[in-house]
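Letter by letter, the chains look like this.
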Amino acid sequence: MDPHISSIAALAWCRVLGLPDGALTEPGHVTRVDDSMREVRVLTVGTATAIVGPAAAVSRLEAEPAPADLDAPRAEAVVAGHAGRTEILGLCTDWIDATRVDSPLISDDPEDLAELQRCCPPDDVTEAETSPSRSSRVFVLLDDDHRPLAGAAYGELGSLLADVRVLTAPGTRRRGLAATVATLATHDALDAGLVPLARMRRDNRGARTVAAVSGYDTWGTLVTVRVPPER
């Protein structure tokens, strides 16, 4: 990973997590307590790890022998949490053309993205987090009858990253549609001067494949766990 691009991404995540700008530039781990949060996050980039969340959860995770090696199941057990997920974070630095559809019909209408979400299983929608209200740019691939087949959207993180998310309707997968819309969103972000970021569950091989062919290189990991309210 280009050190300059990595430092930009690190700065953006410091802003997102409420950490000092240089918190992810040194080896070791840094913490921030925020008792208003209902989840705890563990971000690992190279030899640096940040733990952010409610006091009890942060304290328990910080006491682990190797916080950087935590995955979602272990973090859930440590903080007595649930709905944990481990995401691979990837960054793209170049205009890689992974489109697989000739002359695609693309819509930028958020309502088409909302319609695509209605066509997909709730679990897929939750994982992709392609909410129109959270996205500044939308790319929806339509068929000849203007029905949505796949979509990509991104919002900004820390004013430096484009958080690119991709969703494909059931029955239209493995046809290169996801790679096509991912390419469009990624190139748009690069043209806007942002660093595209891909977030993929570790066990989602399809999403990781789409990111890889679209030019994303692994940069870090993010573990997120919902925690019960303090009593």
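Everything below is about the structure shown above.
Parameters and conventions
- Residues numbered from 1 in each chain as written.
- Predicted model: local features only at pLDDT ≥ 70, side-chain atom pairs only at ≥ 80, totals over all residues.
- Heavy atoms only, no water.
- Buried < 20%, exposed > 50% of the residue type's maximum accessible area, 1.4 Å probe, protein only.
- Helix = DSSP H or I, 4+ residues; strand = E, 2+ residues; numbered from the N terminus.
- Pairing = 2+ DSSP bridges.
- Salt bridge = Lys/Arg side-chain N within 4 Å of Asp/Glu carboxyl O.
- Expected span 1.5 Å × (residues − 1).
- Contact = heavy atoms within 4.5 Å.

1. Focus on the pairing of strand β7 (residues 148-157)
So, step 1. The element β7 is extensively covered by neighbouring structure, given that 9 of its 10 residues are classed as buried.
So, step 2. Note: strand β6 (residues 137-142) against β7, 6 bridges, orientation antiparallel. Within β7, the position partnered with L141 by the bridge is A150.
So, step 3. Summarising the sheet, β7 and strand β8 (residues 161-168) pair through 8 bridges and their orientation is antiparallel.

2. Things to note about unusual backbone geometry
So, step 1. Phi is positive for S159, close to 65°, though the residue is something other than glycine.
So, step 2. As for its placement among the helices and strands, S159 is situated in the loop between β7 and β8.
So, step 3. Judged by relative accessible area, which is 52%, S159 ranks as exposed.
So, step 4. If you check the backbone angles, R174 has positive phi at about 65° while not being a glycine.
So, step 5. The residue R174 is located in the loop between β8 and α6 (177-191) in this model.
So, step 6. On the accessibility criterion, R174 (87% relative accessible area) is exposed.

3. Topic: the pattern of salt bridges
So, step 1. The final tally for this structure, using the stated rule, is 16 salt bridges.
So, step 2. The salt bridge partner of R118 is E111, with a shortest N-O separation of 2.6 Å.
So, step 3. The class for R118 is exposed, based on a relative accessible area of 55%.
So, step 4. With a shortest N-O distance of 3.0 Å, D163 and R165 are connected by a salt bridge. Of the two residues, D163 and R165, both sit in the buried class.
So, step 5. One network of salt bridges, in which partners are shared, links R85, E87, E129, D163, R165 and R199.

4. What to know about α6
So, step 1. Along its 15 residues, α6 runs 21 Å from first to last C-alpha, staying within 8% of the 21 Å computed at 1.5 Å per residue.
So, step 2. Among the 15 residues in α6, 13 count as buried, and that is most of the element.
So, step 3. Taken from the residues just after α6, G193 is the one with a positive phi, measuring 85°.

5. Details of the environment of V40
So, step 1. On the secondary structure map, V40 appears in strand β2 (residues 39-45).
So, step 2. Residue class for V40 comes out buried when judged on its relative accessible area of 2%.
So, step 3. Residues V40 and D71, spaced 31 residues apart in sequence, show a C-alpha to C-alpha distance of 12 Å.
So, step 4. The contacts of V40, once residues within four sequence positions are left out, are I51, V52, G53, A57, V58, L61, V223, T224, V225 and V227.

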